[in-house]
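Each chain, written out:
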Amino acid sequence: MSKSSLPDPSGGREPSVDPLEAEDAEDRRPSLGQSLIPVVFLIAMLAASVYLFGGDSSYGPNQIALLLAASVGFLVGMSNGFGWKEMEQGVVHSIGLAMGAILILLVVGSLIGTWIMAGIVPTMIYYGLQVLHPSIFLPAACIICAVVSLATGSSWTTVSTIGIALIGIAGALDLSLALAAGAIISGAYFGDKLSPLSDTTNLAPAMVGTDLFTHIRHMLWTTVPSMVIALILYTVIGIFSHTSGQAPDLGSFLTALQDSFTIGWYLLIPPAIVLLLVLRKVPAFPALLIGALVGGLFAIIFQTDLVLRFADPEGQLHPAWALVKGFWTALHGDLSATPLIASGNEDLDALLNRGGMYSMLNTVWLILSAMVFGGVMEVTGMLQRLSQAILGFAHSTGTLITATLATSIGSNIIASDQYIAIVLPGRMFRAEFERRGLHPKNLSRCMEDAGTLTSPLIPWNTCGAFMSATLSVATFTYLPFCFVNLLNPVISAFYGFTGFTIERIEPEGKRDLNQAA
């Protein structure tokens, strides 16, 4: 991806500039106080957004907060001598950096729609539920939520559907609801973080200039150890805390799945195809698009009656055209508007009536708004000024990694939104990682290790508020038992200080000298 429109303030290649232009740039350089004005305004607006709208704050209010904070940034820039056109170009450049992620998000919406219609996601959920047993409830709940979240790319959907069922079962088995909530959230965020269907997983690499599957592979080094340790802890705790031999009753849920979809192992072929494409290093967009199209074909072949009922309930179209319409709708439409299934099981219906490109438009709106704010902060030099203040304390790779993690966590605390906890650190530290010869995938991993995974641990964050309200367990009550979420940033910081899995590239300045030679 293209570089920042401003010279790197911390070093690197020195541009040849006119002395008068250099003096003008110095005159327009914002102070730390000026740079903090839009940030403080944004924090206040986001806090008000969460207070007034709660879990719905990401569905419009936060976007308005970001755009108003960007307006404040424009005013600060104008006071320092920046023209509107100059700042507008910076915003356009910033939005351009996110276009790859936006395109992938749209095709991810199509993939979710066709995979649900084809019975692929229901099959993954059905087999995942088979492993549940009361003697290993905690690790099983974690694994089930991980499987569902990997399949859907959504921790919120997983917790609000399967999570609610699991927390109810935990209560019936007289298990600790705090422990159960911790296991559910750990599994949901493990899957969300590693799923190519997740919006945050697509957003993080786009912010730093690496590709989706490189990002996912690099995250395995921190996420898998966190999950393994968490499962060991849940297993040990579950063995000592389990007092009931009663088996959980998931019969109605499984029956509703079988009544609504054809379930079979062969429906796991499309995910296997996508996995094979990923292993062959096919770029994310074509790999996911192929997966969506194959899913649509599987829907026509194996869920014919379901597609016909959904696309043409009154039987007015020729069956062939009705199948095409159903396939087409799964690619673009909101499956909740005209429900795909009405099983009578509210949890199941909420989980599977979703998908299509339409379902991703709110996330696209949020990304565009965030990039407008990031663009004006960058082109006016305010983002660089803030990063310089933070980088003053980061002298080694370990402290740089830790500073990045702390910034993501701090953004979750003060900005109350996980998207901002990914976007802002990505824009602030990208140039410094490159200057120090650190591969951008190190930065994208840090942003997710802290930005994505700590968001449900903060009560006033949109994610923390949602999880607490959905599971009816206070955030600070379940927090100590979200082992994956707590371990991930610690392991990431440890890798930073030891150098383990920290990959390097040749610094840009040295590359330019070598190319010139």
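The model shown is predicted, which means the values in this text are computed figures rather than measured ones.

Colleague: What am I meant to see in the packing of aromatic side chains here?
Modeller: Each pair of aromatic rings is reported with the distance of its centres and the angle of its planes. What the rule picks out here adds up to 10 aromatic pairs. Between Tyr495 and Phe500, the ring centres sit 5.1 Å apart and the planes meet at 75°, which makes this aromatic pair edge-to-face. Under the relative-accessibility criterion, Tyr495 is labelled buried at 7%. Under the relative-accessibility criterion, Phe500 is labelled partly exposed at 42%. In this structure an aromatic cluster arises from ring pairing among Trp221, Phe494, Tyr495 and Phe500. It is Arg28 that lies over the ring of Phe82; its NZ or CZ is 4.0 Å from the centre.

Colleague: What is the right way to read the nonpolar core from this model?
Modeller: Nonpolar side chains in soluble globular proteins tend to end up buried together. The biggest cluster of nonpolar side chains holds 147 residues, and the ones touching the most others in it are Ile125, Phe137, Ile162, Met207, Leu257, Leu340 and Leu352. Per-element accounting of this core gives the leading share, 12 residues, to helix H5 (residues 99-117). Once residues within four sequence positions are removed from consideration, Leu352 is found in contact with Ile116, Val121, Pro122, Ile125, Leu257, Phe261, Leu340 and Ile341.

Colleague: I keep staring at the pattern of salt bridges and nothing clicks. Help me out?
Modeller: Two side chains of opposite charge can pair, provided their charged atoms sit close to one another. Under the defined criterion, the tally for this structure stands at six salt bridges. Salt-bridge contacts for Glu86 lead to Arg28; the nearest nitrogen and oxygen are separated by 2.9 Å. Remark: Arg28 occurs in the loop between helix H1 (19-27) and helix H2 (32-53) and Glu86 occurs in helix H4 (residues 84-97); sequence separation between them is 58 residues. On the basis of relative accessibility, which here comes to 30%, the residue Glu86 falls in the partly exposed class. Here Glu432 makes a salt bridge to Arg436, at a shortest N to O gap of 2.6 Å. Among the charged side chains, a salt-bridge network with shared partners connects Glu432, Arg435 and Arg436.

Cut-offs used in this document
- Residues numbered from 1 in each chain as written.
- Predicted model: local features only at pLDDT ≥ 70, side-chain atom pairs only at ≥ 80, totals over all residues.
- Heavy atoms only, no water.
- Phe/Tyr/Trp six-rings, centres within 6.5 Å; stacked < 30°, edge-to-face > 60°.
- Buried < 20%, exposed > 50% of the residue type's maximum accessible area, 1.4 Å probe, protein only.
- Lys NZ or Arg CZ within 6 Å of the ring centre and 35° of its normal.
- Core = buried A, V, L, I, M, F, W, Y, C linked by side-chain atoms within 4.5 Å.
- Helix = DSSP H or I, 4+ residues; strand = E, 2+ residues; numbered from the N terminus.
- Contact = heavy atoms within 4.5 Å.
- Salt bridge = Lys/Arg side-chain N within 4 Å of Asp/Glu carboxyl O.

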